[in-house]
Every structure is written in C-alpha cells, then in structure tokens.
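# Structural overview
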Amino acid sequence: MKLALRHTAALTVRLLRALWRQPWFVGITLVQPMIWLLLFGALFKRVVEIPGFHGGSYIQFLTPGIVIMSALFSAGWHGMALIDAINRGIMDRFLVSPVSRGALIVSSAVYGGVVVVVQSLVIFGVAFAVGARFSLVALLVMLGLAVLLGGAVTGLSNALALVARQEETLIGAVQFVVLPATFLSSGLMAANLMPHWVQQVARFNPVNWAVSAARDVTLAGTDWGSVGIHAGLLAALLVACTLLATRAFRVYQRAI
Amino acid sequence: MDSAIEARGLVKTYPKGARALDGIDLDVGAGTIFGLLGPNGAGKSTTVKILTTLTLPDEGTATVSGNDVVREPERVRLAIGVVGQKSGVDPEATGRENLLLQGDLYGLPRSEVRTRTAELLERFSLTDVARRLVRTYSGGMQRKLDIALGLMHRPDVLFLDEPTTGLDPEARAEMWDEIARLTDEEGVTVLLTTHYLEEADRLASQLAIVDRGRIVASGSPDELKRELRGDTLLFELDGLIDGVAATLSRIAGVRDPVLDGRFLRARADEGARALPAVLAALEAAGVPVAAASVARPTLDDVYLRHAGRTFGAAENEEVLA
C-alpha cells in the first residue's frame, strides 16, 4: 500500500512536471475557461429576464456551469498522454516494472484533479472580479464536484486510449461527447426552462449531476440531501471509471 | 550451469492469425550474454515480450530467475531489467529525473535511488547532461540512458531488444563495449536480440537462430560456424566457363563446388592449404582466374544453411511481406 502511494505520487509528479514545461499549454488551459465565462456571460446576459428564470445575475448562475464544463473539457484529453506514453515505449517500460496498473490510472486521475482545481480557482477569481459572490462552503463543494467529475472523465479517457491506442479515435470521441454532454445539462440554462425531453435525458447525465449539485450549493436553501446523492453518484462513477481503465490494460496487453 | 532463463514450447498467435512463435525452447546460462538472432519479424521481440511479462504465451512455459512468467509475473518483474526495441525514455524529463522515477517504481530506498542514479549517470558518461531534457540527447545517449534505466534496481537478467538498431556505426561500437562490460562488471545475465550477424558474433557466448517463429540452430558462434566444416574458397573467373566445377571436385579436400556466373565457390577443410592445388588445377584446365580468396565461415553462412536462405534475402522478404 505504501509502495502503491509512492508509485502514484512519483507518476503524478512526472505528469505535472511535463505540463509545467509547456507554458503555452498551461496558459491556454487556464485562459480558455475565462473566455467561456466572459463570452457566455456577455452573450446570454439577458437570459435571466426570461419569465421563470429566478433572477440574480447570469454570471452568478453561469459560474458553476463553467467550472464543471471546464473540468469535463480538460479531463477528456488526458488519455492523449497515455497514448503518447504507449507510442514512445514508456508505457511498456512501466508495465514490465513492479508498478501496478491501478497506480498508473490513479496517478492520471490525481493529475487531472490538480488541473481541475487550478482551473476552477482561476474561474472563481474571474467570476469574483465581474461580480459573482459565493460562500466558502459553496466554493469548496463546487471544487469537490468538479474534481470528482474530472477524475471520472480522466478514467474514461484513459480506458478509451488503451483500447483504441489511436490519437484520432480519442480526439473524435472527445469532440463527439463533450459539447452534447454540456448542453444536455443545466450548465448554461435553468433546468426548469429546458425542453421536457432534455430534462429527462439530463437526469442520466453525470455532467448534469455535477452542475445541478454545484448550482444548488450557490443558492439559498440548498437541498443538501440532493447534493449528497449527486456527489455520491459521481464518486461511484469515479471508482467505476478507474476500475474500467485499470482493466483496459488487459486489452492493451493482449494486442501487443 | 544455472539457467537464468528457461523456456519450453512457447507458442503465440496474434488475432489476425499470424503465428509469431511456433514452439520456442531456450536455456540461458546465468552470467552469460545470450543472443537471439534472426531477421525482423522472426519472433524475437514476441519472445522477449513473453519473457518480460508484457504479454502471455498461448502455449508453453517459461521461467526467469526461477520464477514462472505466467504465474509469478510480479517476482519476474523485480528480477529483470528491460530495454525495449522502442526507447522507453521520457523525452520531456531530464536524464536524472528518468532515473529517479525508475528507482521509485522499483521501490528502492530513497537514499539508494540518489546514489544509484549518480553512479549510473557516471558509468554511462551522462553526468554532464543529467539535468538536460532527454529530447535534446543524441540517439546514442538516449540508448545509454535506456540501459541505465534497465540496470537501476540491479536486475539478475537484462533484456536488450535490438539495442543498436538505428544507431550510427560509431555509437553502435560504443554500445557494444557497454554491453560487453555488463556481464563482467554487473554480473548480469543478458538476453540480446539482434538482426545484426556481426553484433551476435561479437557479443554473444551462446546463440539461437530464429526463423519464422522457430529456433533453427543454437550453440556458441564458433560451434555454429565449425558445423560448416572448413573455409569458403571464392574465385572470380575471367569469362564464363562451363564444366569448371567438375575440375574442382577431383581435388582432395575440396567440396561443394558451385559456379554462379563468373563466381566459383567451394568449401575446404583448410582453405589456405587447398588454394595452390585449386589454382594449379584451374590453370591446367585453361581457366583464367581474376581473383581468389579464402574466408572463414560467417554467421551468414550458418544462417543460410539452417534457414535455407541468406540473411539479406530473409530481411527483404520481411520488408515485402
């Protein structure tokens, strides 16, 4: 167990260090969510005037949505690092060492979590600058939900990377999934104003679990029971995706 | 002699139906360099993948350092170092960071990770570039770092899968010296795969020649060459002369004469002694000789005899396939 933690820590450091050495990529990763927040914030500013939209500022409404959406967008790509490691022979070197497959996947999820936290803090900062206000509890719960979703999506991305082993396939799949998954949630639009069928689909959408719980904690009269259930569902999903990715190594090793 | 690696009847078929291994047996003595020689696609890398626990055999058994590769992969992994055909170095990290991570992965005590890292950097002359990103290294430097990574935890057995492929002649010669030092200084058993005859001849004390997933010959390079009995005589004739081969077969100690265009080949137990008699016979028969040479048998000749084709032809066939 102690060794597994050491493996996970060392592998996470490897990923973070490689990220840190690509300042342009770090910059883009951090600037992109700001653009979403400010762009959507300006574009849909008057949405709050629609009857049935319970008042307040749109930035205040939008911030939890952008935090979750950004977690989804960045985590989806983490499988690329795994494909790169396969192509370079690094993965095979890891696989013939005593490192467990679990540590390889968990380190990627922890890395994804760190990226989500930094990204979310930047979004909170920008949101604060343009007038949004959240309690400390709300900020922490939003962070937690974003990390859970980010970790789960990282696992899925890694599982697909191990099965497909082709960058094009992963790029296609990520692009196919992320935007519909975002719009089939209450990230940008109040849930009660969405078409009935979208509401129904959204109930099964993990992105919506994260968004609705994250928004709920920013409103007065938070339904903590509902937040807890959604957080629990996301935690279960995180575990399931991590196990799935760990199992996917078998598919990879059969193919080589 | 203790066996560091023992394999019996390894068979591996890939999903698309290609039979990569068709019953491979191996016995590698501890502390030796064992060469697995064959053209690309012969099954060398698949054998290494099975022995290093990267993939499972369909049939057969194998042990490395006494541990079963299928039932005890964790124990095998601790006992082996692997330098893959593809370099496994992380180009976005420094040489030092690569080694430190490797030490963490093998669970060495932290203080030992640092001392061993410094030691290996020094041994492979990488100390000066230790803090540079590996992507700035030359091919030869990357390959040395690969071997250093494989040695980090002082393995019993080191697998080197095509260690000099893609290196320029100078870097290759340097790598050969490094590999030759491994068994002396580290006491490690080395299983080397190569498709360079010269490399196998120079480094390996025992050899197995692999062709189409089977071992077609094994022994020491000298044994294999001795099996061919004698030297090769080669004459370049001035013009095309029929029936000249028959002239040679009448000379005592000269065998297997073959005329191939202007080239006449034969084998002799002691080539240098047979040469004057052959030249005299050719002169008596009125055959003008432009050049004559005597050569010791090479592994190329061994390969030709056991695989039924020259090494170069086998390589070309793989490229076309």
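It should be emphasised that the depicted structure is a prediction, and the values quoted were computed from it without experimental measurement.

### Remarks on the sheet that holds strand E9 (residues 206–211) of chain B
All names here are of chain B. With mixed pairing, the six strands of this open sheet are ordered in space as E6-E7-E8-E3-E9-E10. Looking at strand neighbours, the two that pair on one side only are strand E6 (80–83) and strand E10 (214–219), the edges of this open sheet. With strand direction ignored, the average angle separating the axes of adjacent strands in the sheet is 15°. Across five bridges, strand E7 (residues 157–161) lies against strand E8 (residues 189–194) in parallel orientation. Following the sheet pairing, Leu160 is matched in E8 by Leu192. Of the strands in this sheet, strand E3 (33–37), E7 and E8 are in contact with helix H6 (residues 169–186), which crosses E8 at around 155°. Strands in contact with helix H11 (residues 299–307) are E9 and E10; relative to E9, the strand with the most contacts, it is inclined by about 45°.

### Considering the interface of chain B and chain A
Across the boundary between the two partners, chain B contributes 24 residues, which contact 21 residues of chain A. Within the residue set of the side of chain B that touches chain A, elements represented by two or more residues are helix H2 (73–79), E6 and helix H3 (95–105) of chain B. Taken together, the residues of the side of chain B that touches chain A sort by class into ten nonpolar, seven polar and seven charged.

### Details of helix H11 (residues 224–255) of chain A
Residues and elements named next belong to chain A. The terminal C-alpha atoms of H11 lie 46 Å apart, and with 32 residues this matches the ideal 46 Å at 1.5 Å per residue to within 8%. Those residues of H11 that sit buried are His230, Leu234, Leu237, Leu238, Cys241, Thr242, Ala245, Thr246, Ala248 and Tyr252. Summarising the contacts, the buried residues of H11 are in contact with helix H6 (101–129), helix H7 (136–164) and helix H10 (206–216).

### Some points on the sheet that holds strand E5 (residues 67–68) of chain B
All names here are of chain B. Ordered in space as E2-E1-E4-E5, the four strands form an open sheet in which the pairing is antiparallel. Two strands close off the open sheet at either side, each with one partner strand: strand E2 (19–29) and E5. Its contacts with the sheet put helix H1 (residues 44–51) on strand E1 (3–13), E2 and strand E4 (59–64), and the angle it makes with E1 is roughly 115°.

### What about the packing of helix H3 (residues 58–76) of chain A against H10(A)?
All names here are of chain A. Where H3 contacts H10, the axes come no closer than 8 Å and their chain directions differ by 150°. Of the possible angle classes, the one that applies to H3 and H10 is roughly antiparallel. For the element pair H3 and H10, the recorded crossing hand is right-handed. For the pair formed by H3 and H10, the contact residues are Pro64, Gly65, Val67, Ile68 and Leu72 on the first element and Val207, Ala210, Val211, Ala214 and Arg215 on the second. Within the contact of H3 with H10, the residues separate by chemical class into eight nonpolar, one polar and one charged.

### Digging into the domain arrangement of chain B
For an interface, size is often stated in terms of accessible area lost upon the parts coming together. Under the domain assignment used here, chain B contains domain 1 (3–225) and domain 2 (229–296). Between the C-alpha centres of domain 1 of chain B and domain 2 of chain B there is a distance of 43 Å.

### Structural notes on the packing of H6(A) against H7(A)
Residue and element names in this part refer to chain A. Two numbers describe how H6 lies on H7: the axes approach to 8 Å, and their chain directions differ by 140°. By the angle class used here, H6 and H7 are oblique. Crossing geometry of H6 relative to H7 is assigned as right-handed. Touching Ile105, Ser108, Ala109, Gly112, Gly113, Val116, Val117, Ser120 and Phe124 of H6 are Leu139, Met142, Leu143, Ala146, Val147, Gly150, Gly151, Thr154, Gly155 and Asn158, all from H7. Here the contact of H6 with H7 is composed, by residue class, of ten nonpolar, nine polar and no charged.

### Observations concerning the nonpolar core
General note: in soluble globular proteins, nonpolar side chains tend to be found buried as a group. One finds Ile68(A), Leu145(A), Leu149(A) and Ala210(A) to be the most contacted residues of the largest nonpolar core, which totals 137 residues. At 15 residues, the largest contribution of residues to this core is made by H7(A). Once residues lying within four places of it in the same chain are set aside, the contact partners of Ala210(A) are Ile68(A), Leu145(A), Ala146(A), Leu149(A) and Leu234(A). One finds Leu248(B), Leu264(B), Ala266(B) and Ala274(B) within the second-largest nonpolar core, a separate group that totals ten residues.

Parameters and conventions
Residues numbered from 1 in each chain as written. Chains lettered and ligands numbered in written order. Predicted model: local features only at pLDDT ≥ 70, side-chain atom pairs only at ≥ 80, totals over all residues. Pairing = 2+ DSSP bridges. Helix = DSSP H or I, 4+ residues; strand = E, 2+ residues; numbered from the N terminus. Axes fitted to C-alpha atoms, helices over the stretch in contact; angles between N-to-C directions. Contact = placed C-beta atoms within 7 Å. Nonpolar A, V, L, I, M, F, W, Y, C, P; charged D, E, K, R; others polar. Expected span 1.5 Å × (residues − 1). Buried ≥ 20, exposed ≤ 12 C-beta atoms within 10 Å, placed from the backbone. Parallel < 35°, antiparallel > 145°, perpendicular 65-115°, else oblique. Left-handed = near helix turned anticlockwise from the far one by under 90°. Domains from an automatic or database assignment. Core = buried A, V, L, I, M, F, W, Y, C linked by C-beta atoms within 7 Å.

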